[in-house]
Every structure is written in C-alpha cells, then in structure tokens.
Amino acid sequence: MSETRDLVREAAERLFEKHCGAEIMRRTDGGEFPQALWCALTEAGYTAALVPEAAGGAGLDMSDALSLLVSAGRHAVPAPLAETMLAGWLLSAAGIPFPEGPLAVAPVREGDAVTASRDGTGWRLQGKTGRVPWAARAAAIVVLARCEERNLVALAAPGDCRIVGGANLAGEARDDVDFSGVRCSVGAFAAPDAAALRSLGAVMRSAQMAGALQSVLETSVQYARERVQFGRPIGRFQAVQQNLAVLAGQAAAATAAAEAAIEAAAHNLHSPAVAAAKIRAGEAAGIGAAIAHQVHGAIGFTQEHRLHYSTRRLWSWRDEFGNEAYWARRLGGELAAAGADRLWHGITAAG
Amino acid sequence: MASIDNLRFEPPPPFPEAEVLRAEVRAFLAEHLPKRAITEGVGSWGGHDRDFSRKMGACGWIGMTWPKRYGGHERSALERYVVLEEMLASGAPVSGHWVADRQSGPLLLRVGTEQQKNSILPRIAAGECSFCIGMSEPDSGSDLASVRTRAAAVEGGFRVNGTKLWTSNAHRSDYMILLCRTGEAGEQRHGGLTQFLVDLKATQGIAIRPVRNLAGEHHFNEVVFQDAFLPGASVLGEVGSGWQQVTGELAFERSGPERFLSSFTLLVELTRALGPDPSERARIALGRIVAHIYTLRRLSRSVAGMLQAGANPAQQAALVKDLGTTLEQEIPEIARQLIDAEPDRASTQDFVTVLAHTMMNAPSFSLRGGTREILRGMIARGLGLR
Ligand SMILES: Cc1cc2nc3c(=O)[nH]c(=O)nc-3n(C[C@H](O)[C@H](O)[C@H](O)COP(=O)(O)OP(=O)(O)OC[C@H]3O[C@@H](n4cnc5c(N)ncnc54)[C@H](O)[C@@H]3O)c2cc1C
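Small disclaimer: the values here were computed from a predicted structure and weren't measured.

About the thresholds
- Residues numbered from 1 in each chain as written.
- Chains lettered and ligands numbered in written order.
- Predicted model: local features only at pLDDT ≥ 70, side-chain atom pairs only at ≥ 80, totals over all residues.
- Heavy atoms only, no water.
- Core = buried A, V, L, I, M, F, W, Y, C linked by side-chain atoms within 4.5 Å.
- Buried < 20%, exposed > 50% of the residue type's maximum accessible area, 1.4 Å probe, protein only.
- Contact = heavy atoms within 4.5 Å.
- Salt bridge = Lys/Arg side-chain N within 4 Å of Asp/Glu carboxyl O.
- Helix = DSSP H or I, 4+ residues; strand = E, 2+ residues; numbered from the N terminus.
- Domains from an automatic or database assignment.
- Buried area = accessible area lost by both parts, 1.4 Å probe.
- Expected span 1.5 Å × (residues − 1).
- Polar contact = N/O pair within 3.5 Å; in protein donor to acceptor, adjacent residues only side chain to side chain.
- Near = heavy atom within 4 Å.
- Areas by Shrake-Rupley, 256 points an atom, 1.4 Å probe, with all protein chains shown as cover.

Enquirer: Break down the nonpolar core for me, citing the residues and quoting the values.
Expert: Membership of the largest hydrophobic core comes to 189 residues, with the highest contact counts inside it found for B:Met87 and B:Phe131. Residue contacts for B:Phe131: discarding those within four places in its chain leaves B:Val99, B:Ala100, B:Ser104, B:Leu108, B:Ile120, B:Ile124, B:Ser173, B:Tyr175, B:Ile177 and B:Leu197. Counting 21 residues, the second-largest nonpolar core is a separate cluster that includes A:Ala104, A:Ala145, A:Ala154 and A:Val177.

Quick look at the structure:
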C-alpha cells in the first residue's frame, strides 16, 4: 500500500468520524440531506477524487481514491460520495468539466439503456432507467448513453426528467428515472462503455462493503466484551467466540478481495479481480451481517442501535452493480470457455 | 479498532520477478512431472517421489529462503510461494520434502546448533532428506501441551518412552522432530517440553506401524518409542522451550497454499467435465469458487510477505487456514451437484475418481494442522476475546 494511501485514509477516517455521528445518521435515515458533511467532503476534495488534477480534481491516483470508499463504508457515510466520484470519472473521460454538488450516474442496472440523438447544438435522450442512486437529490445526472454506435456522456438536469423516488434497504435514494425527450446541452463522446461503468461501480460497492464489514466486526466484538449474561461477558462463551471468528474471516476476505480489485481497477476494469471482489464481498456481507445480529441479540434489532446503519447497507450494496450470481456467472463462463487446462493460469494471471 | 489491528493483513508486496520464476517452474513441470495417477494430487502434497524431490533440489527450489552456507538460496518468501503453488496446482509429488522445507528446516535454522544445521540443512535443500512431525499422541490432539511421551535424562543423552500417533510419512522419513516431556508442566501447563531431532534410521527402540485412513491409504502412522536412546546432541533448541518452539513453527504450517488447494485437482476435472459452455448454475458455482480462491491466494501471499518481513502473523495464518479448508471441503459437495455421477475410485473417468478421492480425504482438511475449532479459538484470541 502506498504511503499516500495511508495518509489519505487517516485523514478520511477523521473527517468521517467527525461528520457521521449518531445525530447525523438518525437525521439522514429520516431522509434529510447531510449538508455539512457534503461541504466537508467537497472541501477535502473527496467528491472529485477521480477527477484529474488538471481538470480541477484532487489529483489522487485511482487506487488511492477508491480506497477512500473503504473508509466511507466503515462509517456508513450517508451521502452520494461513491456516486459523485463515479460521475467525476465518467465526466473526466469525456473531457466535461466537473460541476458542483452531488451527482448521480445512470444507467446502473444491466439491461437499462439510454439512447441519445443530436438535437441542434445539444442532445436529446430516450430511455428509462431503474434504481438510480440519488437521482432526485443530485445537482445533475451524468448519463452514459448510446449514440451513433458510440458512448456519449451527457449531463441531464433532474428537474427535466420524470423521477419516481425510491430507496434501498438502507434508505439511500434509489430512483426510477425516465429520460424520454430530455434535452442536454452538454455532452461528449468517451471511451468508457456500460460494462466499464458497471465494473467500476462494482469495485466501489465492494470497497464500501469491506469497510462496512470491518465496522460490523468492531461493533460486535465491542458488544461481546460489554454485554454480560450468566455473570460474564458473552464474548467469554466459546459459541460466541467461534461466530465472531467466522465474522473476522469474512471481514478479512472482503477486505482482501476489495483491495485486489482496487489495485486492478487502476489499469484494467475488466480484470477478474473485479468480479471476484463483488462475489466475495457480497457473500461476506450476508454471513457477516447475520452473525453481527446474532451476537447483538434484540438490541441490535432496534432502530435505536447503530448496527443497522451498516447491516442494511450490506444487504443493499451486495445487490447493486450486479449481485454475486451476476458476476459469478460471467467469471465462471469465461473460465469454462478458457478450459480446464487454463484454469490455474487464469487464477495466477489475475495477480 | 484494536480488534482488527491484530488481524490486519498487509497487502502482498508487489513482486514482478516472481513471474519469471513462474515460467521456469511451469517449463520444469512440463518436462519432469512424472506420469502418475491423477488422484495423487488430491489432498495437497500427497505424492511421494524422492527422484522428483532431488530434481527440485537441483533447481534450487527447496530451502529457497535459507542462507547459502546451509545449502539454501537466499531467495524471498514470495519466490518460494510461487514454487509451492505451482507444484500444488499441478499435483506434483512433493511430500518427500514438503514438511522439511516448510517447517522442520526453518525450525532448525532458528534453534538448531551449528552442527545440526550443517549436517542436515544442505541435505534437505538437495531433496535428499525427509522429515515427519511427532507431536500428536493417542491422548493429546488439540491439547498438545498434555503430551506424555517422556524423555528421561540418562548418561550422555535421553531415554524416550511413549507413543506418537497420526505421524504422516514416518515410514518414509529420515528424521522426526519429536515433542517430549522432559520436566514438570508447571502452572502454565506449557513448561517442561522439549523438541528432539530424531534420526529414525539410526535409532534403536522405535517401531513405526501404519494406520490406514478411511480410504484405505497409508499416510500416517503410530510411532512407538521403547527405551529409545537419543544422544544429548539431538536436543533441538533449549530443554524446556519446546512449547514456544512448536507454536512458532505452526505459523509456517498454517498459511500456505496447501491450505486451500487440496481440492484443486477436483476443480480442474470439474471444469473439464462441465465443458466450455456449461449451464448457468454451473457457471455461477465455478465463478464463486474461483472468486474464493483469488481471495485466499491474496490472503495467503500476504502472510508470506509478513513472515518475510519478520512479523509473527500466527493469528492471520489461522484465519487463512480456516477460510481455506472451508472452501476445500465445499468443493466436492458442490461438484457432485453439478455432474450426475456417483463417486467411484475405480472409475475410468477422471472426474469420478478424483471426486471419490477428494470426498474421502476432505474430513482431514479441517483436522490436520489444528482443528477448525482450535483455529477459531486463536482468531478469537486475536480479537481480544480470550
Ligand atoms: C491427515 C492427518 C495428518 C496428520 N498428521 C500429523 C502429523 O504428521 N503429526 C502430528 O503430530 N499430528 C498429525 N495429525 C494430528 C492432528 O494434528 C490432530 O488430529 C489434531 O491436532 C486434532 O487432534 P485429535 O485428532 O486428537 O482431535 P481432538 O483434539 O480430540 O478433537 C476432537 C474434536 O473436539 C474439538 N475440540 C478439542 N478441543 C477443543 C476445545 N478446546 N474447544 C472446542 N473444541 C475442541 C476438536 O476441534 C475436534 O472437533 C494429523 C491428522 C490428520 C487428520
């Protein structure tokens, strides 16, 4: 790990710690937008972490930038940080200036497509997309559309789109957006296609899940040390210890898988490490959340306790940008096609 | 925070040179891998072939990280890792030197006398000398500190009485590293233990008897010591420090690629049997297993990097072994649901015989080298719960 990455993460941990306290978590859970947190994220340069320095960005290398999201996941940062980073990456690839405010990206679901056609000096969009993170709340929606057999990045105003608001299990906005007839004045062709966008989104959710699992582990271990039953801390019971050891294994596996994907993404978004991370972290999310709740007993099942800020995100993130089955089907299909005698080669080549 | 810091995995250090070595190892295997039954690779390091071990020694691939003056090659732990994983993935017959290279040699390096190191390490590195581990006994498995085999001080050395059990490859080994009681346990239960370097070929009073496993195979043994005399020079390390020495040894034992590749031959044969265009269900299963292997490989290389850097990642090693053996045991259970075949060791179809062998060996994966429950206990200690 680079030294910059350690420094970046330490600074990020401090910022998240300060701005994601109990009160903010409670209010954002009720639908409020965390304005102070957002200003801090912007000031620190995190929202523009994937925008090159020359284009006004933070000038972090891609892996350092993505590893911020592990810390963000640890703190369940209740704001569209990953989404705005992703938007910055797309915009930079198209040479479009990075606008202010939280940004959304569409489409995010396999099968959803937006098309664009020229309209005077601008572009006109067609198509519906489901479960777009933060669309209604965004300052702009960055759309990756097909146009003249190429990939067009365009900026759409949420006010121009027909948006039906929704949310994931964690209460994070996931909106259905109908772009039909929406006019965009800003647009440019770019290299990234829907598959690349999906891959980078998958790396981001894997990083966030790894962070969330670390936090769930810490919370659970802490609770097991404090909660007393039968005259001793429950962490003294072997059954509880064994469960927490399994949780630790899942957190470690998710972290390792996410780190591998973060490294790979910087030079190859189609690396098998990306699929592996989403598969492995997604599986860890389910096992880890279940153990954390078991260890916490009824108190962890309440709205008052903070555990659910992490576990509800884990249950949501594992299904976003392709679930385990989606990525495993792709990875398994490639490996099968390459054949049995190339299997080991495929594993070692992923690094 | 503290809870995670103890179990932190440093990213494996980048090491592009290792890929050059990988190509050399693959070329070597293409030429020298002996024709053998496909099932020999099942269970990791199963096959025993002195000739093959000598050839590997000649390539400089045994004792790779040891000092040159003891026959080693002063290469890095990550280069060694490449050799290990390539050997296991190809099912190469490496058991003739596996234990000596992984565990006994490094232990000798750390605590051995000059004389012991000079006489033995170069022979291990040449692939000429094999070791077995005499720790477990009939009444001492997980509770290793309770061993009862006793070495009593006598004129010029020790007289040993007792029984070791489950000793893998004792019948084919030149030396055993024997854990014995030499004194009282004391309050911590860990005192009074001593390790000995036992020359199995030259020592009187040792009887080695096969114990067949449930597959009818002979890998492990019962080793009975009856008034066996060990010269004073065969004490390994300090008298009474056996416990510390043994626990140091186990970090090396637990985190290697052999802890997640034991069922790899089956995965290869499963892939072959599924063909290039398998069902959706099979793709998902295959992709998931390989995602686990990618991750385990990174965790395991991370431990190799930490060992190289001089750290003692014992708890991380336990965690890798727990995750790895869980996957190894899952693979036959998944494979059998994807191909409609009944496991049969006598079958002429590779998938079917490998499935049969893997299935029957699988229970041992989470027993040997420390049981799942014991490993999870170590992880819980790392979390500060014990
Ligand atoms: C294939 C194979 C090769 C082996 N090779 C060698 C070798 O070369 N040299 C050698 O010395 N040994 C060897 N062993 C022995 C191995 O180290 C032991 O099997 C292992 O340490 C467990 O001991 P045990 O079998 O006596 O089981 P036990 O310790 O009796 O355990 C039985 C069950 O009880 C559980 N248990 C025990 N204590 C606890 C506890 N405190 N908390 C919770 N659960 C507990 C265990 O996890 C296990 O599930 C080998 C074993 C196998 C299977």
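Right, picking up where we left off after that structure.
Enquirer: Would you mind going over the pattern of salt bridges in detail, with residue names and values included?
Expert: Side-chain pairing between opposite charges can occur once the charged atoms of the two side chains come close. Scanning all chains against the criterion turns up 47 salt bridges over all chains. A salt bridge links A:Glu320 to A:Arg174; its shortest N-O distance comes to 2.8 Å. With A:Glu320 in the loop between α9 (307-317) and α10 (324-338) and A:Arg174 in strand β8 (residues 174-178), this residue pair connects regions lying 146 residues apart in the sequence. An identical accessibility class is assigned to A:Glu320 and A:Arg174; each is buried. Where B:Lys164 meets B:Glu137, a salt bridge forms, and the shortest distance between an N and an O atom there is 2.8 Å. In this pair, B:Lys164 sits in strand β3 (residues 157-168) while B:Glu137 sits in the loop between β1 (131-134) and β2 (150-154), placing the two residues 27 residues apart along the sequence. A network of salt bridges, in which partner residues are shared, links A:Glu83, A:Glu172, A:Arg174, A:Arg205, A:Arg313 and A:Glu320.

Enquirer: Pulling in residues and values, what's your account of the domain arrangement of chain A?
Expert: Residues and elements named next belong to chain A. We note that the domain assignment places domain 1 (3-186) and domain 2 (194-348) within chain A. The centre of domain 1, based on its C-alpha atoms, is set 23 Å off from the matching centre of domain 2. Taken together, the contacts link 35 residues of domain 1 with 33 residues of domain 2. Across the interface of domain 1 and domain 2, roughly 2,800 Å² is buried in total on both sides, 61% from carbon and sulfur atoms. At the boundary of domain 1 with domain 2, the tally comes to six salt bridges.

Enquirer: Tell me about helix α8 (residues 272-296) of chain A, residues and numbers included.
Expert: Residue and element names in this part refer to chain A. Compared with the 36 Å implied by 1.5 Å per residue over 25 residues, the 36 Å span of α8 between its first and last C-alpha is a close match. With 21 of 25 residues buried, α8 lies mostly within the body of the structure. N-cap assignment for α8: the residue whose side-chain oxygen lies 2.9 Å from the backbone N of Ala273 is Ser271. Looking one or two places after α8, you find Gly297, whose phi comes out positive at around 65 degrees.

Enquirer: I'd like a description of the side chain of B:Thr265, backed by residues and values.
Expert: Residues and elements named next belong to chain B. Along the chain, Thr265 falls in helix α8 (residues 264-274). Residue Thr265 is classed as buried on the basis of its relative accessible area, which comes to 11%. Setting aside residues no more than four positions away along its own chain, Thr265 makes contact with Ile38, Gly41, Val42 and Val354.

Enquirer: So, the site of the ligand: which residues are in play, and what are the values?
Expert: Lining the immediate environment of the ligand, one finds 16 residues, of which B:Ile133, B:Ser136, B:Ser142, B:Thr371 and B:Glu373 sit closest. Two or more chains meet at the ligand, and those chains are chains A and B. Within the backbone of B:Trp166, one N or O atom sits 2.9 Å away from a nitrogen atom of the ligand. Within the side chain of B:Glu373, an N or O atom sits 2.7 Å from an oxygen atom of the ligand. Look at the ligand: alone it shows 960 Å² of surface, and the protein chains cover 64% of it. The set of elements that each furnish at least two residues to the shell around the ligand consists of β3 and α12 (372-382) of chain B. The element best represented in the shell around the ligand is β3(B), accounting for three residues. Both domains that meet at the shell around the ligand, namely domain 2 (133-241) and domain 3 (245-382) of chain B, each give it at least three residues.

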